[in-house]
Amino acid sequence: MILVFIEHKNCVLNKTSLEAIAAAQAIGADLGMKAAAVIPCTGECPLVQEIAGYDLEKVIVAKSDKLGTYTPDAYADAWEQVIKATNPQYIVMSHTYQVRDFAPKVATRFGRELVGDVIRYRAEGGKLVLTRRIFLGKLDADLTVGGDAPYFVTFQSGAFRGDSAAKGSAAVETIDVNIGEIRMTAEEPFQEAKASVDLTKSEVIVAVGRGIKSQENLALAQQLADALGADLAASRPICDNEWLPIDRQIGSSGQTVAPKLYIALGISGAIQHIVGMKNSGTIVAINKDGEAPIFDIADYGIVGDLFEAVPVLIEEIKKARA
Amino acid sequence: MKIIVLMKQVANKDAVLRIGPDEKWINETDIAMQTNESDGYALEEALRLKEARGEGEVVVCTLGPQSAKSVIKDALARGADRAIHVVVDDANKLSPYQIAKAIADAIREENADLVFAGLQSDDASYGQTGVVLAELLGIPHGTIVIEVDRGSLGESLRIKRELESGWYQWFTYKLPALFTIQSGISQIRYASLKGIMAAKKKEIREVTAAVEAFAAGQTISKVYMPLKTKQTQILGNGDAKAGAVELVEKLKTEVRAI
Ligand SMILES: Cc1cc2nc3c(=O)[nH]c(=O)nc-3n(C[C@H](O)[C@H](O)[C@H](O)COP(=O)(O)OP(=O)(O)OC[C@H]3O[C@@H](n4cnc5c(N)ncnc54)[C@H](O)[C@@H]3O)c2cc1C
């Protein structure tokens, strides 16, 4: 059997869990196994019915009063007991920030190791060959896992399509779990100062990365944005340096956008950035490193110095518009 | 108060990577190396916490070959008090559990109040050494920490974790505890000349790692250039200015954005 983790906050589903269901169904089809979903919750979880509508052997609610708010200690204890009770071959999850936090701990308790952030897999001789991106997206690595089941695998967001998860009807089961000492207390999650720009509505975005070198040079990017009628956005290091406010950050910890045109200036294309903009209509990358991963998803690329390209771009756009 | 900071040497961000002859890693012999980015922030946060507290010791721990000494020396120059070097020649062949186990064995008896690590390495990016280590040491952990409430330090410590899409959450942990630190948590200091001189006298304890075989570990069978998902039209043929002219043409005729 394959266990799939259903992540939620106050019983509101994290949609990447549907990708995990799709992944588990695919692996199950290849290896001849059924998948079962696991929802850690305090009790009557309204999510159960929704998840039971997928093609799964069953939906297991791991139940405890201590599972209302996420803590790594409580989640690790819950998972340990569910795994012991069900003896799965695989445990499949989406590689979210929450999963990164507790899943390696659970694997360690079983003397196993998590293969994390996997982008695709293939089945070979009844086992999986898993592919991860390494060196900040510059290379791919195929991995195999030794030893016996259970095997722990997490998939990168977007590796599977949530809407391709097969529908069906699953039985529901509850496992009461005993949670030991929780050594951390959580406050309520919150959002930092309300965003003053909503880049999700932008039609054209000019985004700058570390290649812009200094705050002063942002003026050049702004001129390009003005010429195109675009909004200015940035990769994380630019916002970390406070060269632009955090509400301009694109990526997993910032905004997710899908404008008609996205122009990336001096951005390498780390996965945490790409997840926030890969669904843009047309992607243009200007980067002096021809092997930068941003070119893997770009429709048009200029391999070269942005400080040479951008002034010419601005000139030519103005000419074209005149 | 004692803080151990895990720091790793990785290939320089801008280095041109060549796949090694066995196709299982890159050829590391002739490329520039640097301290893993988030590890540098982990050190900075440890130093600031010690300064805020007015006492304490910051101990750097590095697992890697002799060449990783440069990471240690840099950390000592920035203000770490001493270092533990877990010497392993082919560290890139170790699985995350093996790495965490070797580090756990090397630091367990230090009985640190806090262990800080970067949230992931910029080479293999397993992103789990810290979490596995915490479990092996029997202490709680928190990942992707973006702020430390230094004033709260006592029997416990309050930290802010980054969640997805601009959300955050504060947690308070009983100590000892381990935290993995996110890049950008603060501004990293440079080593001063005085710091560089002082570093020469600081202790670097070498530990020969007893790396245990680990049957359940993951092994890299092949590394290769990523498969392209899109057909990219490269414009200008290496000439940025010519590329810009061609791009505007494409934006006009194909994308219709102008
Ligand atoms: C948990 C987590 C969450 C994260 N969240 C986000 C997020 O939400 N958003 C985000 O963006 N990142 C995020 N990151 C960081 C991410 O991993 C990368 O570190 C970051 O995106 C890199 O930004 P960059 O591309 O601007 O910088 P770099 O990776 O340093 O790339 C700079 C690029 O500029 C190019 N360049 C330099 N000079 C020039 C020039 N003159 N002309 C043309 N090109 C030039 C270089 O070739 C290089 O490719 C996160 C990381 C983690 C671990």
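Residues numbered from 1 in each chain as written. Chains lettered and ligands numbered in written order. Predicted model: local features only at pLDDT ≥ 70, side-chain atom pairs only at ≥ 80, totals over all residues. Heavy atoms only, no water.

### Remarks on the overall build of chain B
- A count of helices and strands for chain B gives six helices and 13 strands.
- Referenced to the eigenvectors of the C-alpha coordinate spread, the extents of chain B come out at roughly 65 × 40 × 40 Å.
- The buried share of chain B, reckoned over its 258 residues, is 55%.
- For chain B, contacts bridging at least 24 residues in sequence account for 69% of all contacts bridging at least 6.
- Carbon and sulfur atoms form 50% of the exposed surface of chain B, whose accessible area is close to 11100 Å².
- Here chain B contributes 33 positively and 35 negatively charged side chains, and the mean placements of these two sets differ by 3 Å. (Helix = DSSP H or I, 4+ residues; strand = E, 2+ residues; numbered from the N terminus. Buried < 20%, exposed > 50% of the residue type's maximum accessible area, 1.4 Å probe, protein only. Contact = heavy atoms within 4.5 Å. Areas by Shrake-Rupley, 256 points an atom, 1.4 Å probe, with all protein chains shown as cover. Lys, Arg positive; Asp, Glu negative; His and termini not counted. Charge placed at Lys NZ, Arg CZ, Asp CG, Glu CD.)

### Notes on the packing of aromatic side chains
- Per the counting criterion, the structure on display carries 17 aromatic pairs over all chains.
- Judged by centre distance (6.1 Å) and plane angle (90°), the ring pair of Phe5(A) and Tyr75(A) falls under edge-to-face. Of this pair, Phe5(A) sits in strand β1 (residues 2–5) while Tyr75(A) sits in helix α3 (residues 72–86); the two residues are 70 residues apart in sequence, bridging distant segments of the chain.
- Note on Tyr70(A) and Tyr75(A): the rings are 4.8 Å apart at their centroids and 75° apart in plane angle, and the pair reads as edge-to-face.
- Members of the aromatic cluster, connected to one another through ring pairs, are Phe5(A), Tyr70(A), Tyr75(A), Trp79(A) and Phe102(A).
- We note Lys9(A) situated over the ring of Trp167(B); from NZ or CZ to the ring centre the distance is 4.1 Å.
- Just above the ring of Trp170(B) sits the side chain of Arg158(B); from NZ or CZ to the centre is 4.0 Å. (Phe/Tyr/Trp six-rings, centres within 6.5 Å; stacked < 30°, edge-to-face > 60°. Lys NZ or Arg CZ within 6 Å of the ring centre and 35° of its normal.)

### So, the environment of Phe160(A)
- As for its placement among the helices and strands, Phe160(A) is situated in the loop between β10 (151–155) and β11 (171–176).
- Beyond its immediate chain neighbours, meaning those up to four positions away, Phe160(A) contacts Glu19(A), Ala22(A), Ala23(A), Ala26(A), Tyr121(A) and Phe155(A).

### Brief notes about the interface of chain A and chain B
- With 83 residues of chain A at the contact, the number on the chain B side is 91 residues.
- With both chains or domains summed, chain A and chain B bury close to 7800 Å², and 53% of this area falls on carbon and sulfur atoms.
- For the chain A face of the interface with chain B, the top three residues by lost area are Glu113(A), Phe135(A) and Tyr300(A), together amounting to 10%.
- Taking the shortest distance from any N to any O, the salt bridge between Glu135(B) and Arg109(A) comes out at 3.0 Å.
- Inspection of the chain A/chain B interface yields 48 residue pairs in polar contact (both at pLDDT 80 or more).
- Ranked by residues supplied to the side of chain A that touches chain B, first place goes to helix α8 (residues 306–321) of chain A with eight residues.
- Of the residues assigned to the side of chain A that touches chain B, the class counts are 33 nonpolar, 21 polar and 29 charged.
- Bridge count for strand β18 (residues 300–303) of chain A against strand β13 (residues 233–235) of chain B is three bridges, and the pairing is parallel. Note that in β13(B) the partner of Gly301(A) across the bridge is Ile234(B). (Buried area = accessible area lost by both parts, 1.4 Å probe. Salt bridge = Lys/Arg side-chain N within 4 Å of Asp/Glu carboxyl O. Polar contact = N/O pair within 3.5 Å; in protein donor to acceptor, adjacent residues only side chain to side chain. Nonpolar A, V, L, I, M, F, W, Y, C, P; charged D, E, K, R; others polar. Pairing = 2+ DSSP bridges.)

### As for unusual backbone geometry
- For the bond from Ala149(A) to Pro150(A), the omega torsion is 0°, close enough to zero to count as cis.
- Here Pro150(A) is to be found in the loop between β9 (139–145) and β10.
- With an omega of 0°, the peptide bond between Leu175(B) and Pro176(B) qualifies as cis.
- In this fold, Pro176(B) is placed in the loop between β9 (167–174) and β10 (177–181).
- If you check the backbone angles, Asn237(B) has positive phi at about 50° while not being a glycine.
- Structurally, the position occupied by Asn237(B) is in the loop between β13 and α6 (240–253).
- Using a relative accessible area of 77% as the deciding quantity, one classes Asn237(B) as exposed.
- Even without being glycine, Arg256(B) reaches a positive phi, approximately 55°.

### Let's talk about helix α1 (residues 16–31) of chain A
All names here are of chain A.
- A rise of 1.5 Å per residue sets the reference length of α1, with its 16 residues, at 22 Å; its end C-alpha atoms lie 23 Å apart and thus fit the reference within 8%.
- Burial runs high along α1: 13 of the 16 residues are buried.
- One or two residues past the end of α1 sits Gly32, with phi positive at roughly 70°. (Expected span 1.5 Å × (residues − 1).)

### Some remarks on the pairing of strand β8 (residues 127–134) of chain A
Residues and elements named next belong to chain A.
- Burial analysis of β8 places six of its eight residues in the buried class, which makes it a mostly covered element.
- Sheet topology note: the strand β7 (residues 114–124)/β8 ladder contains six bridges and is antiparallel. The residue of β8 that forms the bridge with Tyr121 is Leu130.
- Joining the antiparallel neighbours β7 and β8 is a turn of two residues, in which Gly125 adopts a positive phi near 55°.
- One ladder, built from five bridges, connects β8 with β9; its direction is antiparallel. The residue bridging Leu130 from the neighbouring strand is Leu143, located in β9.
- Remark: four residues form the turn of the hairpin made by β8 and β9, two consecutive strands paired antiparallel; Phe135 in that turn has positive phi of roughly 50°.

### Concerning the site of the ligand
- As a matter of local geometry, the ligand sits amid 32 residues, with Arg210(A), Ser235(A), Ser253(A), Ser268(A) and Asn287(A) nearest to it.
- Chain contributions to the surroundings of the ligand come from chains A and B.
- One of the side-chain N or O atoms of Ser253(A) is found 2.7 Å from a nitrogen atom in the ligand.
- A distance of 3.1 Å separates a nitrogen atom of the ligand from a polar backbone atom of Lys288(A).
- When isolated, the ligand has an accessible area of 990 Å², and the protein chains bury 92% of it.
- Contributions of two or more residues to the shell around the ligand are made by α4 (97–109), α6 (236–240), α7 (271–274) and α8 of chain A. (Near = heavy atom within 4 Å.)

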